[in-house]
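Examining the three-dimensional arrangement
One letter stands for each residue in the lines below.
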Amino acid sequence: MNHAKLVYAFVRRKPLTWSFHVLALALGVAVLTAVAALNTGLANRFDRDLAGIDLVVGAKGSPLQLILSSVFQIDAPTGNIPLSVAQTLSRNIMVRRATPLSLGDSVGGYRIVGTTPAYADLYRAGLAVGRWWNGPMQAVVGAEAARALHLAPGDTFVGEHGLSQGGEPHAATPYTVVGVLKPTGAVIDRAFLTDSTSVWKVHAHHDDGEVDPAAPREITALLITYRSPMGAVMLPRTAAAIPDVQAASPAVEMARLTRLLGTGDDVIAGFGLVLLALSALGFFVALFSAVNQRRRELALLRALGAQPKALFGLVALEAVALGLLGGCVGIGLGRAAAAVAARAIAASGPTLVLPPFGLAEIAILGGALMLSLLAALGPGLIAYRLDPVAALK
Amino acid sequence: MSPPSPDEPVLSIHGLVAGYAGKPVARLGALNLGAGGAGLLLGPSGAGKTTLLLAIAGLAKAFAGQVRVGGTDIAALPPSRADRFRGRTLGLIFQDLHLVPGLSTLDNLLLAPFAAGLPQDRARALQLLDGLGLAAQAFAPAETLSRGQAQRAAIARAMVLRPKLILADEPTASLDDEACTTVSTLLIKAAAETGAGLLIATHDQRLRARIETQAPVEPVA
């Protein structure tokens, strides 16, 4: 005979009632768990993709679009800027590192990024196999893109015009894969890296593949890391003074985006909290009626020598056990839902790595247990104050 | 409070007035039981027998008079010690038996040491069930027991902790003559075997022939 047996005997008398309340609690916990896991996964992904980029310089347009296209590679670029502008800015004393990007073509939905090997340094992406390029029309492929398109060093491919699948192929200018990168969990995994001159060469529109020396050299964006915090004061102004050029801070734009999306998160999380509060109320009502129905059994325990606090403990134990059950089921459900959502996101965009089980889950479980205990306070007090004589007569 | 001496009667009552919720219900003039002795608390239904038993157990309020169980005045103990004393010293058998459905017969017996916070002697509980012919029902849910089996299980539960005094409330009320004889014999035998006092609250005339010590429930003046 022990507490668990007695509580189990009590709970088993009302299987439907308790299933319903535990399920309600589980759903509330699941919503909060899923939102927390996805948010953290998304924030981690953003942080990894930001990779210490302080400022992005590109053509005039929406600053958010500039950030999305050049840092996260999920929107169309705003246009191009002259290479000379990029070169001038790169030499600025405030700049520690400047990485040029030239976008415009893609392969099977993965973008071709004309850049320098410094781009891989941003994400600490080392070579898994092969080598870096030593001339134009050689490509180093991100881990995810290489896996998806089954590419290895020595393979050749043709870029398609535009950033979505099905663009006109640049059949006259095939690329050769010379290296494949190790996976990083960041945006670079989905990129085809090549020398900036490759992109110019493809777009020179000469059938013989020669570069038109008259065509002005342009790049899409310049990713800048400051040398010191002073850069944040000086560089945006310097860039803004150049005609047809804008400078956008990824941190500022992402904060803006998070605020916009955050409203949706808040609504969903609020829905989860309402579910939790309702289930706590359900616990309260169910425990309340259970204690009233058990008056004689509780009185019997008193007659057998149990103290009032032991009866309070039984009610609290019942609430906590059911709260723990609902909490664990809810965390399982929530993580499963988050995994499904992450997979859905990855099917059409960047892979989302969900954070491991951790503080968020413990905090949510703790909150669910506290709510259950709170719901048990009133009914527990009734059990505590039960008059055994009235119940036994 | 002096420690109870071995010569002390198991139960001694003088002018007990018992009630609950601030209202005196019944009076018991005088009753003394020695170890292994049995007594009847006689009165019609509704006279307040149960209330008097609960007052002896320290659950209902004693408005006047004195109750000593093994020399201890339970009403004078602080509440938590009264609960502990009740769990260790008294065995209660309720008219409604109060077996907990959903628990096995054995677990219903072990509910006594569980509630009293004492070690659970499974071997003793099983032995008691065996002695009362309930060995086959030990692991059956309590709600599957017949009335007679449940009655014996309730007696067994009162015996588990070897109480000094067994209080039984109308144990024969709904039984035919044969069952009445069986149950009363069981109770008297069980009490005698463990040297416990036995007080039976009843309106059953059939028991009067078997137990000599008798005290009537008196109305409160």
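Residues numbered from 1 in each chain as written. Chains lettered and ligands numbered in written order. Predicted model: local features only at pLDDT ≥ 70, side-chain atom pairs only at ≥ 80, totals over all residues. Heavy atoms only, no water.

1. Quick word on the interface of chain B and chain A
- Of the residues lining the interface, 28 residues belong to chain B; the matching set on chain A comes to 24 residues.
- Between chain B and chain A lies a buried interface of about 2400 Å² when both sides are counted; carbon and sulfur atoms form 65% of it.
- Interface area lost by chain B to chain A is led by B:Asp83, B:His98 and B:Phe114, which between them contribute 22%.
- When the shortest N-O distance is used, the salt bridge between B:Asp107 and A:Lys5 registers 3.0 Å.
- On inspection of chain B and its partner chain A, the count reaches 10 residue pairs in polar contact (both at pLDDT 80 or more).
- Listed by contribution, the elements that provide at least two residues to the side of chain B that touches chain A are α1 (49-56), α2 (79-89) and α3 (105-116) of chain B.
- Considering every element that reaches the side of chain B that touches chain A, the biggest residue donor is α3(B), with 7 residues.
- Across the side of chain B that touches chain A, the residue classes tally to 15 nonpolar, 7 polar and 6 charged. (Contact = heavy atoms within 4.5 Å. Buried area = accessible area lost by both parts, 1.4 Å probe. Salt bridge = Lys/Arg side-chain N within 4 Å of Asp/Glu carboxyl O. Polar contact = N/O pair within 3.5 Å; in protein donor to acceptor, adjacent residues only side chain to side chain. Helix = DSSP H or I, 4+ residues; strand = E, 2+ residues; numbered from the N terminus. Nonpolar A, V, L, I, M, F, W, Y, C, P; charged D, E, K, R; others polar.)

2. What to know about the packing of helix α3 (residues 63-72) of chain A against helix α9 (residues 250-293) of chain A
Residues and elements named next belong to chain A.
- Where α3 contacts α9, the axes come no closer than 10 Å and their chain directions differ by 110 degrees. Viewed along their axes, α3 and α9 adopt a mutual orientation that is roughly perpendicular. Contacts from Pro63, Leu64, Ile67, Leu68 and Phe72 in α3 reach Pro250, Glu253, Met254, Arg256 and Leu257 in α9.
- Among the residues making up the contact of α3 with α9, the classes are represented as 8 nonpolar, no polar and 2 charged. (Axes fitted to C-alpha atoms, helices over the stretch in contact; angles between N-to-C directions. Parallel < 35°, antiparallel > 145°, perpendicular 65-115°, else oblique.)

3. Remarks on helix α5 (residues 147-159) of chain B
- Taking 1.5 Å per residue, 13 residues should reach 18 Å; α5(B) reaches 19 Å between its end C-alpha atoms and fits that length.
- Burial of α5(B) is extensive: 10 of the 13 residues sit out of reach of the surface.
- For α5(B), the full list of buried residues reads B:Gln149, B:Ala150, B:Gln151, B:Ala153, B:Ala154, B:Ile155, B:Ala156, B:Arg157, B:Ala158 and B:Met159.
- Of the surrounding elements, those touching the buried residues of α5(B) are α10 (295-303) of chain A together with β5 (90-93), α3, α4 (122-131), β6 (165-169) and α6 (177-194) of chain B. (Expected span 1.5 Å × (residues − 1). Buried < 20%, exposed > 50% of the residue type's maximum accessible area, 1.4 Å probe, protein only.)

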